[in-house]
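# Observations on the three-dimensional arrangement
Residue strings, one per chain:
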Number of protein chains: 2
Amino acid sequence: MKRIISSAVLMALVSLNSVAQRPVQRESFPEGSYSPVTNINRNGYPRVLSDNSVSFRVNAPQAQRVQIDLGGRKYDMQKSDAGQWTVTTAPQVPGFHYYSLVVDGVAASDPASYTFYGTSRVSSAIEIAEKGMDDFEIQDVPHGQVRKLNYFSKVDNAWRPICVYTPAGYDQSKDSYPVIYIQHGGGEDHTGWMEQGRVANIMDNLIAQGKAVPMIVVSANSNLSNGGGGGYSWTGMQPFLKEMTENVIPFIDKNFRTKADRKHRAICGLSMGGGQSFYVGLRSPEVFANVGVFSTGMFGGIQQANGFDLEKEVPGMISDTKNFNKNLDHFLITCGEQDQRIEHNKNIVAKMQAAGVNVEFKSFPGDHEWQPWRKSLHAFAQMLFK
Amino acid sequence: MKRIISSAVLMALVSLNSVAQRPVQRESFPEGSYSPVTNINRNGYPRVLSDNSVSFRVNAPQAQRVQIDLGGRKYDMQKSDAGQWTVTTAPQVPGFHYYSLVVDGVAASDPASYTFYGTSRVSSAIEIAEKGMDDFEIQDVPHGQVRKLNYFSKVDNAWRPICVYTPAGYDQSKDSYPVIYIQHGGGEDHTGWMEQGRVANIMDNLIAQGKAVPMIVVSANSNLSNGGGGGYSWTGMQPFLKEMTENVIPFIDKNFRTKADRKHRAICGLSMGGGQSFYVGLRSPEVFANVGVFSTGMFGGIQQANGFDLEKEVPGMISDTKNFNKNLDHFLITCGEQDQRIEHNKNIVAKMQAAGVNVEFKSFPGDHEWQPWRKSLHAFAQMLFK
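The numbers attached to residues start from 1 for each chain and follow its sequence in the written order. Starting at A for chains and at 1 for ligands, labels are handed out in the order in which the entities are written. Local features in this predicted model are restricted to residues whose pLDDT is 70 or higher, and side-chain atom pairs enter the listing and the counts only when it is 80 or higher, whereas totals over whole chains, interfaces and linings include all residues. The side-chain numbers reported here are obtained from all heavy atoms of the structure, hydrogens and water having been left aside.

## Things to note about the overall build of chain A
- Put simply, DSSP marks the helices as runs of H or I at least four residues long and the strands as runs of E at least two long, and each gets a number from the N terminus on. For chain A, the count of helices and strands is 10 helices and 18 strands.
- By the compact-globule yardstick of 21 Å for 386 residues, chain A fits well, its C-alpha radius of gyration being 23 Å.
- The buried label applies to any residue whose accessible area, calculated with a 1.4 Å probe on protein chains only, is under 20% of its type's maximum; exposed applies above 50%, and partly exposed to all values in between. Looking at chain A residue by residue over its 386 residues, the buried ones come to 60%.
- Contacts are assigned to residue pairs that have any heavy atoms within 4.5 Å of one another. At a minimum sequence separation of 6, the contacts of chain A that also span at least 24 residues come to 69%.
- Computed with the Shrake-Rupley method and a 1.4 Å probe, the accessible areas treat only the protein chains shown as cover for residues. Entry remark: accessible area of chain A is about 14,100 Å², with carbon and sulfur atoms responsible for 51%.
- In this tally, Asp and Glu contribute negative charge and Lys and Arg positive charge; neither His nor the terminal groups of the chain are included. Charged groups are reduced to one reference atom each: NZ for lysine, CZ for arginine, CG for aspartic acid, CD for glutamic acid. Charge separation in chain A, taken as the distance between the mean sites of 38 positive and 37 negative side-chain charges, equals 4 Å. For the radius of gyration, the atoms used are the C-alpha atoms, and the globule rule reads 2.2 Å times the number of residues raised to 0.38.

Here it is in structure tokens:
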């Protein structure tokens, strides 16, 4: 029974390698602690303690050094005589944090955690609940659907996956819906906003509360083979622009009941996706009347060193502000309050506002992570299509 | 820029830890070798060689022992002076194989591979192409959609995720469709058939070729909190039966345009899911007129030791075969030809056929793995609803 033994061996290794795999009832846990939803089967460890620090356990009798890499900080684990390694991290801010298990220098994902595509690999993660806030949780309201499709990209000459959220009632209705095109960050892909970003829960709850109109949310993968995702310049954005306007948007308008006009179309994104939304959104008013730029580092990058020239990057924004404003229904820039990008974002918003540009700025507690990005979508979606 | 450094650190670790992360063009590869689709970004390693052996590379200068666990066999990797570990496995059969990277005794997933939920954890995997066979590949035909939804389970008293494949044209049509309820194996979940099993490619291609009628395929998660998934007895199947008939099927019939009658409903599954399909399918003729049992170990388990009593397990199958046959439009049992379960399956099929039961048996090359399961669905779907 080769495969059975194989599974059995794997299972055994897993249970050896992570106390998290033990039935929870065998253990008593610190008061106020809980198993995060990112744990497989809500296993006991990793465990969030009452002060939002995280306690990790790994059984690795043969390992010389075991570390947890969480939030950019490496924690050395302590080994017991039984070969079990443990560590408790510093208190973490609420939200979603990628982490890695590092065994004798090899960073890999933890068998105790579900994995999420981020940092250009599958990564383990900890979801720390934000107390008293259930906007991102599944609730007893009408639910939409997250659909995985493939479209053919003439830019990549390949079939490419794409995720589409349709709101509750889409299948039963004959209505057409407005669309947000939402972009992931560097090292992430089309699954980021749907999994880490919790688009379905955010939109289901907003729509049920009457705070947002029913809309479709499309998450494409901007990691084009020719590097279309990167390059914070109009030239660098051309492959992504072509992919969006010639492949993605026509595919969505053909296959879904969309309101296929600029007024009912928005583009937004986080970090790298924020830069994409800035250039492609603001320079394509015939395509998008709504633009959201979340936590971009663009304004603090190389171009900021030379001074980020708004008029050069978006011709007409400063020289013909009246016309620029007329073409935009909503223009939102956001950043996390502990994100070092925030000062550059505040400065550029001040410049725009001084020139008379209709731009709104919002900040949310948190660093360059998913909780402020979820809150950015939560805020942006409420502004749109009303 | 805390998070940026964090990402940079992770990226650096990944590129240190897996040569697979190096740009492919830097290397020359063995003739006839390729990067499997299961590699992140089609990185260079792990690499399938022309004889279907797999070459692995891992950079781990500080590790004492690095192994690859593939197909139930552990391969010790050899360390170079530079701290790079390499190994080439025995030739593998075509199809999908889970594997683990084992660093100093800790089994984890390989940063170079996408992960798949199997063996009760997220596992790395290698997809070895079957030459001259593209039934499971995405082709230039009309494509359906894979949808992720949540339904409320009164059995678990919780929201539970479920995957639903809808065929090409579903959204544009007003037709109603027949439904296959397809069950995963032990240690897998509702994502198994959609990801590892490639349901969408299999169904899209069959329907485009006119070999199968357009149908919906539903993959539920049978890992109920009360252990509804397991227990190869009618008693043990009661929680799963309740979940299917009181929660899953009513939810699907309410939210999709289904032909909601026994003649247009099938249940099938692999391994543990095969046992579920056997009991729930054959003992609920008022619900299902079509049953597929793939690679079950049930006939070779404890009950086989006492002789698997068909009449006891499915009252009427032997004592009233005429009526039993009348209630079943299609009854298929399959097994991999290298799966040690095959003899028990052949024996039980012989018993059934000797008693006059209308059951069909098919076998496919391969062990207790996904390639024979994909081929089982490919065969079963062509028999149904015509």
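## A word on the interface of chain A and chain B
- Counting residues at the interface gives 65 residues for chain A, matched by 65 residues for chain B.
- Taken together, both faces of the contact between chain A and chain B bury some 5,900 Å²; the carbon and sulfur share is 57%.
- Definition used for salt bridges: Asp or Glu carboxyl oxygen within 4 Å of a side-chain nitrogen of Lys or Arg. Joining chain A to chain B, the criterion identifies four salt bridges.
- One salt bridge connects Lys148 of chain A with Glu195 of chain B, and the closest N-O pair in it is separated by 3.9 Å. Accessible-area loss on putting two parts together, using a 1.4 Å probe and summing over both, is the definition of buried area adopted here.

## A word on helix α10 (residues 370–383) of chain A
Residue and element names in this part refer to chain A.
- Between its terminal C-alpha atoms α10 stretches 20 Å, which fits the 20 Å expected from 14 residues at 1.5 Å a residue.
- For α10, a buried count of 13 out of 14 residues is recorded, marking the element as mostly surrounded by other parts of the structure.
- Looking one or two residues beyond α10, the residue adopting positive phi is Phe385, at roughly 60°. Multiplying 1.5 Å by the helix residue count minus one yields the expected span of that helix.

## Topic: the sheet that holds strand β1 (residues 47–48) of chain B
All names here are of chain B.
- On the basis of which strands lie adjacent, the open sheet formed by four strands has the order β1-β2-β6-β5 and antiparallel pairing. The open sheet has two free edges, formed respectively by β1 and β5 (78–79), since each of these has just one partner strand.
- In terms of strand pairing, β1 meets strand β2 (residues 54–59) through two bridges, oriented antiparallel. Among the inter-strand pairings, Arg47 is bridged to a residue of β2, identified as Ser55. By definition, two strands form a pair when at least two bridges between them are found by DSSP.

## Here's the deal with the pairing of strand β2 (residues 54–59) of chain A
- In terms of residue burial, β2 of chain A counts as a mostly covered element, since five of its six residues are buried.
- Hairpin geometry of strand β1 (residues 47–48) of chain A and β2 of chain A is characterised by an intervening segment of five residues between the two adjacent antiparallel strands and by a positive phi of about 70° at Asn52 of chain A.

## A word on the pairing of strand β12 (residues 158–166) of chain B
Residues and elements named next belong to chain B.
- With nine bridges joining them, strand β11 (residues 145–153) and β12 adopt antiparallel strand pairing. Of the residues in β12, the one forming a bridge with Gln145 is Thr166.
- Counted along the chain from β11 to the antiparallel partner β12, the turn is four residues long, and its residue Asn157 has a positive phi close to 50°.
- In terms of strand pairing, β12 meets strand β14 (residues 216–220) through four bridges, oriented antiparallel. What sits directly across from Cys163, in β14, is Ser219.

## Topic: the packing of helix α3 (residues 199–208) of chain A against α10 of chain A
All names here are of chain A.
- A fitted line through C-alpha atoms represents every axis, and for helices the fit uses only the stretch in contact; the resulting angles, taken between N-to-C directions, go from 0 to 180 degrees. One can describe the packing of α3 onto α10 by two numbers: an axis separation of 10 Å at closest approach and a directional angle of 35°. The element α3 and its partner α10 pack so that their crossing is right-handed. The residues of α10 that touch α3, namely those facing Val199, Ile202, Met203 and Leu206, are Arg374, Leu377, His378, Ala381 and Gln382.
- All residues other than Ala, Val, Leu, Ile, Met, Phe, Trp, Tyr, Cys, Pro, Asp, Glu, Lys and Arg, Gly among them, are scored as polar; the first ten of these are nonpolar and the last four charged. Residue classes in the contact of α3 with α10 are distributed as six nonpolar, two polar and one charged. Working rule for handedness: look at the near helix, and if it is turned counterclockwise from the far one by less than a right angle, call the crossing left-handed; if clockwise, right-handed.

## Some thoughts on the relation of the copies chain A and chain B
- Least-squares superposition aligns the copies on the C-alpha atoms of those residues with pLDDT at or above 70 in both. It takes a turn of 180° to lay chain A on chain B, together with a shift of 0.0 Å along the axis; the resulting RMSD is 0.0 Å. The operation mapping one copy onto its partner corresponds to a two-fold rotation axis. Taking C-alpha positions as reference, the residue of chain A nearest the rotation axis is Arg147 of chain A, located at 2.2 Å.
- An overlap of 100% is found between the interface residues of chain A and their copies at the interface of chain B, pointing to a shared contact surface.

## Regarding the sheet that holds strand β6 (residues 84–88) of chain A
All names here are of chain A.
- A sheet is described by the order of its strands in space; here four strands give the open sequence β1-β2-β6-β5, paired in antiparallel fashion. Here the strands that pair on one side only, and so sit at the sheet edges, are β1 and β5 (78–79).
- Across two bridges, β5 lies against β6 in antiparallel orientation. Each residue of the ladder has a partner; that of Lys79, found in β6, is Trp85.

## Notes on the packing of aromatic side chains
Residues and elements named next belong to chain A.
- Stacked, edge-to-face and tilted are the three classes for Phe, Tyr and Trp ring pairs, Trp counted by its six-membered ring, which pair at centre distances within 6.5 Å; planes under 30 degrees apart are stacked, over 60 edge-to-face, the rest tilted. Enumeration over the complete set of coordinates arrives at 38 aromatic pairs over all chains.
- Aromatic rings pair up to connect Trp193, Phe294, Trp370, Trp373 and Phe380 into one cluster.
- In this scheme, the term charge over a ring applies when either NZ of a lysine or CZ of an arginine sits within 6 Å of the ring centre and within 35 degrees of the ring normal. Positioned over the ring face of Tyr170 is Arg257, at 4.2 Å from the centre of the ring.

## Some points on unusual backbone geometry
- Along the chain, Tyr45 of chain A connects to Pro46 of chain A via a cis peptide bond; the corresponding omega equals -5°.
- Looking at the secondary structure, you find Pro46 of chain A in the loop between α1 (2–17) and β1.
- The phi torsion at Thr119 of chain A lies on the positive side, around 50°, for a residue other than glycine.
- Looking at the secondary structure, you find Thr119 of chain A in the loop between β9 (115–118) and β10 (121–128).
- A positive phi angle, close to 50°, is found at Arg42 of chain B, a residue other than glycine.
- Relative to the elements of secondary structure, Arg42 of chain B occurs in the loop between α1 (2–17) and β1.
- Looking at Arg42 of chain B, the relative accessible area reads 44%, which means it is partly exposed.

## Describing helix α4 (residues 238–255) of chain A
Residue and element names in this part refer to chain A.
- When the terminal C-alpha atoms of α4 are compared, their 25 Å separation across 18 residues agrees well with the 26 Å that a helix rising 1.5 Å per residue should span.
- Axes are fitted to the seven residues ending at a residue and to the seven starting at it; the angle between these axes is taken as the bend at that residue. The axis of α4 is deflected most strongly, by about 35°, at Met244.
- Of the residues making up α4, those classed as buried are Pro239, Phe240, Leu241, Glu243, Met244, Asn247, Val248, Ile249, Phe251 and Ile252.
- Buried residues belonging to α4 abut β11 (145–153), β12 (158–166), β13 (179–183), β14 (216–219), β15 (265–270) and α5 (272–282).

## Looking at the pattern of salt bridges
Residue and element names in this part refer to chain A.
- Counted under the stated rule, the structure contains 32 salt bridges over all chains.
- One salt bridge connects Arg65 with Asp76, and the closest N-O pair in it is separated by 2.8 Å. Taken together, the residues span a long stretch of sequence, with Arg65 in the loop between β2 and β3 (66–70) and Asp76 in strand β4 (residues 73–76) at a distance of 11 residues.
- Its relative accessible area of 40% is what places Arg65 among the partly exposed residues.
- Taking relative accessible area as the criterion, Asp76 reaches 35% and is therefore assigned partly exposed.
- Three or more residues joined by partner-sharing salt bridges are found here, namely Glu127, Glu137, Arg198 and Arg374.

## Considering the confidence of the model for chain A
Residues and elements named next belong to chain A.
- Per-residue confidence from the predictor is given as pLDDT, running between 0 and 100. With 90% of its residues at a pLDDT of at least 70, chain A reaches an overall mean of 90.
- Contacts for the low-pLDDT stretch residues 1–24, under 50 throughout, to residues beyond four places or in other chains number 57 contacts.
- In the predicted complex, the global pTM is 0.91; the interface-specific ipTM is 0.90.

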